[in-house]
Amino acid sequence: MKKIAMVAALMAAVGVSGAAQAADVTLRIASQLPPKSHIVQNLELFKKEVEEKSNGDISVEIYDSATLYKDKEIPSAVGSGSIEMGSASLTRYAGDVPAVDVFYQPFLIDSEAKVRAAVAPDSPVRGPLDKAIADTGSTVLWWQAYGGTVMLSKGAPIHTPKDLEGKKVRVFGKSLGQFVEAANGAPTLISGSEQYLAYQRGTVDVGMTGISGVKSRKLWEVMDTVTVTNMADVEFLVMINTDFWKGLTEDQRGIITAAARDAEKDVRDRMSAIEAEAFKESEEAGMTIYTPTEEEVKQWRAVSQPVYDSFLKEAGPLGKEVFDAAKKL
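Residues numbered from 1 in each chain as written. Predicted model: local features only at pLDDT ≥ 70, side-chain atom pairs only at ≥ 80, totals over all residues. Heavy atoms only, no water.

Caption draft 1: Just the overall build of the chain, in detail. For the chain, the helix and strand inventory stands at 14 helices and 10 strands. A compact globule built from 329 residues should have a C-alpha radius of gyration of about 20 Å, and the chain, at 20 Å, falls within 12% of that. Here the C-alpha coordinates of the chain stretch approximately 60 × 45 × 35 Å along the principal axes. Surface summary for the chain: the accessible area is close to 14,100 Å², and the carbon and sulfur share equals 52%. Here the chain holds 37 positive side-chain charges and 46 negative ones, and the gap between their average locations is 3 Å. (Helix = DSSP H or I, 4+ residues; strand = E, 2+ residues; numbered from the N terminus. Rg over C-alpha atoms; globule rule 2.2 N^0.38 Å. Areas by Shrake-Rupley, 256 points an atom, 1.4 Å probe, with all protein chains shown as cover. Lys, Arg positive; Asp, Glu negative; His and termini not counted. Charge placed at Lys NZ, Arg CZ, Asp CG, Glu CD.)

What follows is the structure in structure tokens.
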């Protein structure tokens, strides 16, 4: 009830227009990311197309910056029908579908070509995951590219696993936590929206995130070095409550599906430029950008095997299926 009251209060506060109230269907989308994030901008692109193509019959309201739900709360909020739609990190589904962590197996899907092949609709990697997520009460509409994983630190780059020994490291998924443990570090699961304070307060010594998040959250104010490891591909999902989806007309679903397809293509095609711009702005803001040498990358890969072994053991047949498919990319 608190969540419902909060939504009502927020709608009143932002002054939902009469036109929006008159819409046949209203889609509320929750995101933990700020308005400047390319993820939220991608949602705005979707909103614009849906409202235009439906002639205002479908209204889209975006609640960014964890206004309604934190990242970890969004999957259950959408699955339960507390909100119609949400955008959340793929790894937030790891509890229900452990196999999604295939994207966070260190250095497994570590190039743009491999990523594009893995995330293509109905690919042998993504297809089975979308179907498994459907069992949580949500239907996946599209995937949002967030880029490769980088490490953030203060004072010096993270050259090798030895540099993580005894360090507290912000992670955003179980497999990345196991990777940190394999390097004798101490993983700490921290939501994306809570990163800034965690770095500012020294809750953790090192961070893992996408470079676009450094830009949108101005993390250069609290960290000064980026190590470009690209050891995992960060993906976000946009999903809609399945019962709500089934209740829409065929025409409404068609408009939403087309807009989702366009939004997915747009963000995927722009990801390289988005990352390049984020690296540029981070450097201009005073950050040191460090790319590991081939020898250093070999040392990182050497500590990855226990993570693979654990994933294959815990993710079951589906995990093995998508892991084997990813290795063939």
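Caption draft 2: Structural view of the packing of aromatic side chains. In the structure shown here, the tally under the stated rule is seven aromatic pairs. Through a chain of ring-to-ring contacts, three or more aromatic side chains come together here, namely Tyr 308, Phe 311 and Phe 323. (Phe/Tyr/Trp six-rings, centres within 6.5 Å; stacked < 30°, edge-to-face > 60°.)

Caption draft 3: Broad picture of the pairing of strand S2 (residues 58–63). Here S2 lies mainly inside the structure; six of its six residues are buried. Of the two faces of S2, the one carrying Ile 58, Val 60 and Ile 62 and the one carrying Ser 59, Glu 61 and Tyr 63 are both buried. One ladder, built from six bridges, connects strand S1 (residues 25–31) with S2; its direction is parallel. The residue of S2 that forms the bridge with Leu 27 is Val 60. Handedness of the S1-helix H3 (residues 38–53)-S2 crossover: right-handed. (Buried < 20%, exposed > 50% of the residue type's maximum accessible area, 1.4 Å probe, protein only. Pairing = 2+ DSSP bridges. Right-handed = clockwise from strand over helix to strand, strands pointing away.)

Caption draft 4: Representation of the pattern of salt bridges. Applying the stated criterion to the full structure yields 19 salt bridges. We note a salt bridge from Glu 112 to Arg 116, for which the minimum N-O separation is 3.3 Å. Residue Glu 112 and its partner Arg 116 are both found in helix H5 (residues 112–119); the two are separated by four residues, about one turn of the helix. Accessibility expressed as a relative area gives 43% for Glu 112, which makes it partly exposed. One salt bridge in this structure joins Lys 320 and Asp 324, with 2.7 Å as the shortest N-O distance. Here Asp 324 and Lys 320 lie together in helix H14 (residues 316–327), a separation of four residues that amounts to about one turn. Salt bridges here are not isolated pairs; linked through shared partners, they connect Glu 112, Arg 116, Lys 265 and Asp 269. (Salt bridge = Lys/Arg side-chain N within 4 Å of Asp/Glu carboxyl O.)

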